[in-house]
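Results of the structural survey
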Amino acid sequence: MSATLERKSRVKTFDGWQETWQHHSDSCNAPMRFAIYLPPQAAHQRVPALYWLSGLTCTEDNFSTKAGAQRYAAEQGIALVVPDTSPRDLGLPGEDDSYDFGSGAGFYINATVEPWSRHYHMHDYVTRELPELVEAEFNVVPRRRAISGHSMGGHGALVAALRQPKAWSSVSAFAPIVNPAQVPWGDKAFRGYLGDDTAQWLEWDACALIARNTERRLPLLVEQGDADNFLGEQLQPEALREACEQAGHPLDLRMRAGYDHSYYFIATYIGEHIRYHAEHLFR
């Protein structure tokens, strides 16, 4: 095990191990934490991995403690890798002033505006550095990766898959921010991390990326509750449907009656998503 990795916790569940680790990230130039669930199969063979990107205010712990995903990961024999949502405790001005910018709100992009550009390279971290670290240090199959996420993390998962479709076996999202360049959450984050040139924002906007995607058209699986209080202002799944229809991009958008934005929603359908990813990871 690399000397740069420090294990913070370890607990057995469903005959596998739920662990939390800290390490120095070169991408973020800061300490970063991630959670990993190693299913029982990892004790005697390499397993593929599903990367989960969490939403605003979350840490690496929220998904691991609330989604109930370990049961399904153990059944399917896949690892779950969950990074934190931003660098933390860096002393940057304003990093802890609001829930939707700075700490807990890295938006899975590479910042270009100071002082955020020194540390907030979450896209590089979750798509390159963390997978390479996990595959080198744990019993995880190299380059057999799927990606999913919730809300801000759903945005991150879609963008990662659209920017690098050959890097992932499959992608899904729960209640993603699909058109961040056009909604308040994205406007605040992109203006702060990327500056006022809105053309740069489109590099991190799923709807914009779909419109010009000419590479492999990785199918998108999106789960959305129709009782989500962020549905109309922040999430706007119909914009994703329209972009996919215009571009001929495969999309399975599942609108779920009565479900909100919470982890109760995620816990209800996470088993279906893990089985979906397992089918692609083992194909």
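The residue numbering used here restarts from 1 in each chain and proceeds along that chain's sequence as written. Totals for whole chains, interfaces and linings use every residue, but because this is a predicted model, local features are given only for residues with pLDDT of at least 70 and side-chain atom pairs only at 80 or more, for both listing and counting. Side-chain numbers come from the whole structure's heavy atoms, not from hydrogens or water.

Here the focus is helix α10 (residues 263–281). Residues spaced three or four apart along an α-helix face the same direction, because each turn holds 3.6 residues. The largest bend along α10 reaches roughly 45° and is located at Tyr269. For α10, the N-terminal cap is Ser262; the gap from its side-chain oxygen to the backbone nitrogen of Tyr264 is 3.2 Å. In this analysis the local bend is the angle between axes fitted, respectively, to the seven residues ending at and the seven residues starting at the residue. Helix and strand labels come from DSSP, where a helix needs a run of H or I of at least four residues and a strand needs a run of E of at least two; each type is numbered from the N terminus. Counted as a polar contact is a pair of N or O atoms within 3.5 Å, where, for protein atoms, one must be capable of donating a hydrogen and the other of accepting one, and residues adjacent in sequence contribute only when both atoms are in side chains.

It is worth spelling out unusual backbone geometry at this point. Cis geometry marks the peptide bond from Glu114 to Pro115; its omega dihedral reads -5°. Residue position: Pro115 is located in the loop between β5 (79–83) and α3 (122–137). One non-glycine residue with positive phi stands out, namely Asp15, at about 65°. Relative to the helices and strands, Asp15 resides in the loop between β1 (6–13) and β2 (16–25). Although it is not a glycine, Gln236 adopts a positive phi angle of roughly 50°.

So, about the packing of aromatic side chains. Within 6.5 Å between ring centres, the rings of Phe, Tyr and Trp (the latter by its six-membered ring) count as paired, and their orientation is classed by plane angle as stacked under 30 degrees, edge-to-face over 60, tilted in between. In total, this model carries 17 aromatic pairs according to the counting rule given. Plain terms: the ring middles of Trp116 and Tyr193 are 5.9 Å apart, the flat faces sit at 80° to each other, and that makes the pair edge-to-face. Here the residue Trp116 occupies a position in the loop between β5 and α3, and Tyr193 occupies one in helix α5 (residues 184–194), the gap between them amounting to 77 residues. Consider the rings of Phe174 and Phe265, whose centres lie 5.7 Å apart with planes at 75°: the pair is edge-to-face.

Turning our eyes to something else, we now look at the nonpolar core. We define a nonpolar core as any set of buried Ala, Val, Leu, Ile, Met, Phe, Trp, Tyr and Cys residues linked to one another through side-chain atoms lying within 4.5 Å. Buried, partly exposed and exposed residues are distinguished by accessible area as a fraction of the type maximum, computed with a 1.4 Å probe on protein chains only: under 20%, between the cut-offs, and over 50%, respectively. Ranked by internal contacts, the top residues of the largest apolar core, which has 68 residues, are Phe34, Phe107, Val134, Phe138 and Tyr193. Per element, the largest residue contribution to this core is seven residues, and it comes from helix α4 (residues 152–163). Counting 22 residues, the second-largest nonpolar core is a separate cluster that includes Ala69, Ala146, Phe174 and Phe265.

Put simply, a salt bridge is a Lys or Arg side-chain nitrogen that is within 4 Å of an Asp or Glu carboxyl oxygen. Enumeration according to the criterion identifies 17 salt bridges in this entry. Arg10 serves as the salt-bridge partner of Glu19, at 2.7 Å between the closest nitrogen and oxygen. Judged by relative accessible area, Arg10 falls into the partly exposed class, the value being 40%. The salt bridge partner of Arg191 is Asp187, with a shortest N-O separation of 2.9 Å. Remark: Asp187 and Arg191 occur in helix α5; sequence separation between them is four residues, near one turn of the helix. Among the residues examined, Arg191 registers a relative accessible area of 36% and is labelled partly exposed. Of the residues examined, Asp187 reaches a relative accessible area of 29% and is grouped as partly exposed. When salt bridges with common partners are traced through the structure, they connect Glu223, Asp252, Arg254, Arg256 and Glu272 into a single cluster.

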